[in-house]
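# Structural description and commentary
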Amino acid sequence: TFCCEEYKSLFSINVDSDNKIFSSKEGVLYNKEQTSLLFYPQAKKGTEFIVPNSVKNIRAAAFAFSNELEKIIIPKNVVSIGKSAFLQCRHLKQVRLPDSITSIQKNTFYKCTGINSITIPQNVKKIDKQAFANCINLKEVRLPKNLEEIEYASFENCRSLINITIPESVHKIGPSAFAFCSSLNSITIPTNVRTIEGCVFYNCS
């Protein structure tokens, strides 16, 4: 509902306590039980946000287009983070991801130009389409030992990425996965990789 730049002036959401479906806390929208974080207002003041311990799911586009956030701490209770969750959070520099998640969804960190390093939790098996695409200042990525798939354009146009080591568990590297990574000068591909699709290293100058 809110995944759109037209809400860039919205700084708070307040839900009546009698509402049976939704609730709010400090201007952030949740379901009634506050187990799902639904939306963080794009103009909410503050550079750091700690996701409450009650939250188990961060819904799609929950933090998309946030104007001010620089750091997000996610508790170990969170088991899923929806697609486009941090889409175009341009000032975001730090995200602590819990070991409980098993995949990085489509467009999760798309165009998060403030991030320069990321550690992907050890239980993640799949990095989905364009998950880190256009993170132009991303220099260091630590991939988990259980990773199996790197999908289409996952790291496309990460132009500051210098080297990367693919874990032994990976068997598929999707098309354009590292396209336009113009600073990439070293990559290690393990013996278990069975599929390297088209344009994986396109324009890695």
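For the structure given in this document, a descriptive report is provided here. Residue indices begin from 1 for each chain and proceed along its sequence in written order. Whole-chain, interface and lining totals are the exception, using all residues; otherwise, since this is a predicted model, local features are given only for residues with pLDDT of at least 70 and side-chain atom pairs are given and counted only at 80 or more. Side-chain measures here rest on the full set of heavy atoms in the structure, leaving out hydrogens and waters.

Where strand S2 (residues 28-31) meets strand S3 (residues 36-39), two bridges bridge the pair, whose relative direction is antiparallel. Considered in S3, the bridge of Tyr30 is made with Leu37. The pairing criterion is simple: DSSP has to find at least two bridges between the two strands. Strands here are runs of E lasting at least two residues and helices are runs of H or I lasting at least four, both read from the DSSP assignment and numbered beginning at the N terminus. Here S2 folds back onto S3 in antiparallel fashion, the turn holding four residues, of which Gln34 has a positive phi close to 60°.

What follows concerns the side chain of Ser154. Along the chain, Ser154 turns up in the loop between strand S13 (149-150) and strand S14 (163-165). Within the structure, the side chain of Ser154 is placed 3.3 Å from the backbone oxygen of Ile127, a separation counted as a polar contact. For this analysis, a polar contact is any N or O atom pair within 3.5 Å, provided that within protein one partner can donate a hydrogen and the other can accept it, and provided that sequence-adjacent residues contribute only side-chain to side-chain pairs. At a separation of 3.3 Å, a polar atom in the side chain of Ser154 contacts the main-chain carbonyl oxygen of Asp128. Setting aside its immediate chain neighbours within four residues, Ser154 contacts Ile127, Asp128, Gln130, Ala131, Phe132, Ala133 and Ala177. Whether two residues touch is decided by their heavy atoms; if any such pair falls within 4.5 Å, the residues are in contact.

Here we take up a nonpolar patch on the surface. The residues that make up patches have over 30% relative accessible area and no salt bridge, and they are joined within 9 Å when like-charged or within 5 Å when they are Val, Leu, Ile, Met, Phe, Trp or Tyr. Surface accessibility in these figures is a Shrake-Rupley result with a 1.4 Å probe; residues are shielded only by whichever protein chains are displayed. Salt bridges are counted wherever a side-chain nitrogen of Lys or Arg sits within 4 Å of a carboxyl oxygen of Asp or Glu. Nonpolar side chains collect at one region of the surface, where Ile189, Ile196 and Phe201 lie side by side and expose about 240 Å² of accessible area between them. Its place among the elements puts Ile196 in strand S17 (residues 195-196).

In this section: the environment of Ser80. Mapped onto the elements of the fold, Ser80 is located in strand S7 (residues 80-81). Along the primary structure Ser80 and Leu184 are separated by 104 residues, whereas in three dimensions their C-alpha atoms are 30 Å apart. When neighbours within four sequence positions are excluded, Ser80 is seen to be in contact with Lys56, Asn57, Ile58 and Ile101.

A separate point is the state of the cysteines. To count as a disulfide, a pair of cysteine sulfur atoms needs to be within 2.5 Å. Tallied over the full model, the rule gives zero disulfides. You can see Cys112 has no disulfide; the closest cysteine sulfur is in Cys89, sitting 5.2 Å from it. For Cys112, a relative accessible area of 0% translates into the label buried. Of the cysteine sulfurs around Cys204, a residue in no disulfide, the closest is that of Cys181, at 5.2 Å. Exposure categories follow from relative accessible area, calculated using a 1.4 Å probe and restricted to protein chains: below 20% of the type maximum is buried, above 50% is exposed, and the middle band is partly exposed.

A few words now on the sheet that holds strand S11 (residues 126-127). Strand-to-strand pairing in sheets goes through backbone hydrogen bonds, with the strands running parallel or antiparallel. Here we have five strands laid out as an open sheet, ordered S9-S11-S13-S15-S17, and parallel in their pairing. The strands lining the two open edges of the sheet, one partner per strand, are strand S9 (103-104) and S17. In this sheet, S11 lies alongside S9 in parallel orientation, the contact comprising two bridges. Bridging across to S11, Ser103 finds its partner in Lys126.

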